[in-house]
Amino acid sequence: MDAPRRFPLLLIGAFLALYLVWGSTYLVIRIGIESWPPMLMAGVRFVVAGLLLYGFLRWRGAPAPTWAQWRGAGLIGVLLLSCGNGGVTLAEHAGVASGVAALAVATVPLFTLVFMFLSGAGSTRLEWAGIALGLIGIVLLNLGPNLQASPLGAALVVSAAAAWAFGSVWSRRVELPAGAMASAAEMLVGGAALLLASVLSGERMEQMPSAAGWGALLYLIGFGSILAFSAYMYLLKHVRPVAATSYAYVNPVVAVLLGVGFAGERIGWQECLAMAVIVSAVVLIGLPHWRKKALA
């Protein structure tokens, strides 16, 4: 736990990568699925990113993961990427607006706290107040026109948030490769699972992707996967999972602004109110952690 003190700029950079890059990926996913089948795009994204990162790390001399580390990385990769990111991609394909998907994923810290409690970690009154407020936000979000118009998308995006939170908490309980190799192994396994699901579900390419479709895929590989996911795994090793998932404060705002400004998405008043309630809930959950840091 000394690394963040020695390298504060690295810690700050990791948070910024999550806040800004991941906030933009919701719109980029929407652009991408106009050219690509959803699970195929997500699978190609992570397999290519995983291969590039794995090859680079091995070239730099990093040891190959052991079988135990592959098992741990495979479990976390399926939870975070196949179920988490794959669920969001499918939800957007089902008609959920990119900004609304980001609002739903903002519930990740709420699910994270619940899973931490179930695993034996203590919780404060402020954190439980945050959970209660967050549940109200989820209800408001489901009253909005976007999720009401797509019940399947609503179920997918909330399930994706829960899977991501569970994987984030469980990542501290399994044996993983050191450093960025954990990200590479997780992306390889998670991406392969998505490609298998794509084949089994009968997804087919109907035409060649457009230039925008290729650009979206390249952005998701380079920035959304290699850069931001590696930053996330770094934070999970050095801060509490609730703090690592604090990108949920900023991602909804970034995603909503981009969706409204560049994709013509419309956000109802229920969803605007839900955003305020969910972000307030996440702030409540983070307050005990910030206080401990201030007193340390």
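About the thresholds
Residues numbered from 1 in each chain as written. Predicted model: local features only at pLDDT ≥ 70, side-chain atom pairs only at ≥ 80, totals over all residues. Heavy atoms only, no water. 1 Å grid on protein atoms, 1.4 Å probe; cavity = no way out; pocket = protein on both sides within 12 Å on 5 of 7 lines; lining within 4 Å. Points joined across faces, edges and corners; volume = space filled by probe spheres on them. Helix = DSSP H or I, 4+ residues; strand = E, 2+ residues; numbered from the N terminus. Nonpolar A, V, L, I, M, F, W, Y, C, P; charged D, E, K, R; others polar. pLDDT = per-residue confidence, 0-100. Contact = heavy atoms within 4.5 Å. Phe/Tyr/Trp six-rings, centres within 6.5 Å; stacked < 30°, edge-to-face > 60°. Buried < 20%, exposed > 50% of the residue type's maximum accessible area, 1.4 Å probe, protein only.

### So, empty space enclosed by the protein
Next, step 1: By the definition in use, this model includes one cavity of 30 Å³ or more.
Next, step 2: Of the volumes computed, that of the largest cavity is approximately 210 Å³.
Next, step 3: Among the secondary structure elements, those contributing two or more residues to the lining of the largest cavity are helix H2 (8-32), helix H3 (38-59), helix H4 (67-93), helix H9 (151-170) and helix H11 (211-238).
Next, step 4: The residue inventory of the lining of the largest cavity, partitioned by class, reads 13 nonpolar, five polar and one charged.

### Focus on the confidence of the model for the protein chain
Next, step 1: Per-residue pLDDT for the protein chain averages 83, and the proportion of residues at 70 or more is 88%.
Next, step 2: Scored below 50 in pLDDT, residues 1-7 shows seven contacts in the model against residues more than four places distant or in partner chains.

### Quick word on the packing of aromatic side chains
Next, step 1: According to the stated counting rule, one finds 11 aromatic pairs in the structure shown.
Next, step 2: Relative to Tyr-232, the ring of Trp-164 lies with its centre 5.3 Å away and its plane at 40°, an arrangement referred to as tilted. Separated by 68 residues along the polypeptide, Trp-164 in helix H9 and Tyr-232 in helix H11 bring together distant segments of the chain. When sorted by exposure, Trp-164 lands in the same class as Tyr-232, which is buried.
Next, step 3: Between Phe-166 and Trp-170 the ring centres are 5.8 Å apart and the planes differ by 15°, which places this aromatic pair in the stacked class.

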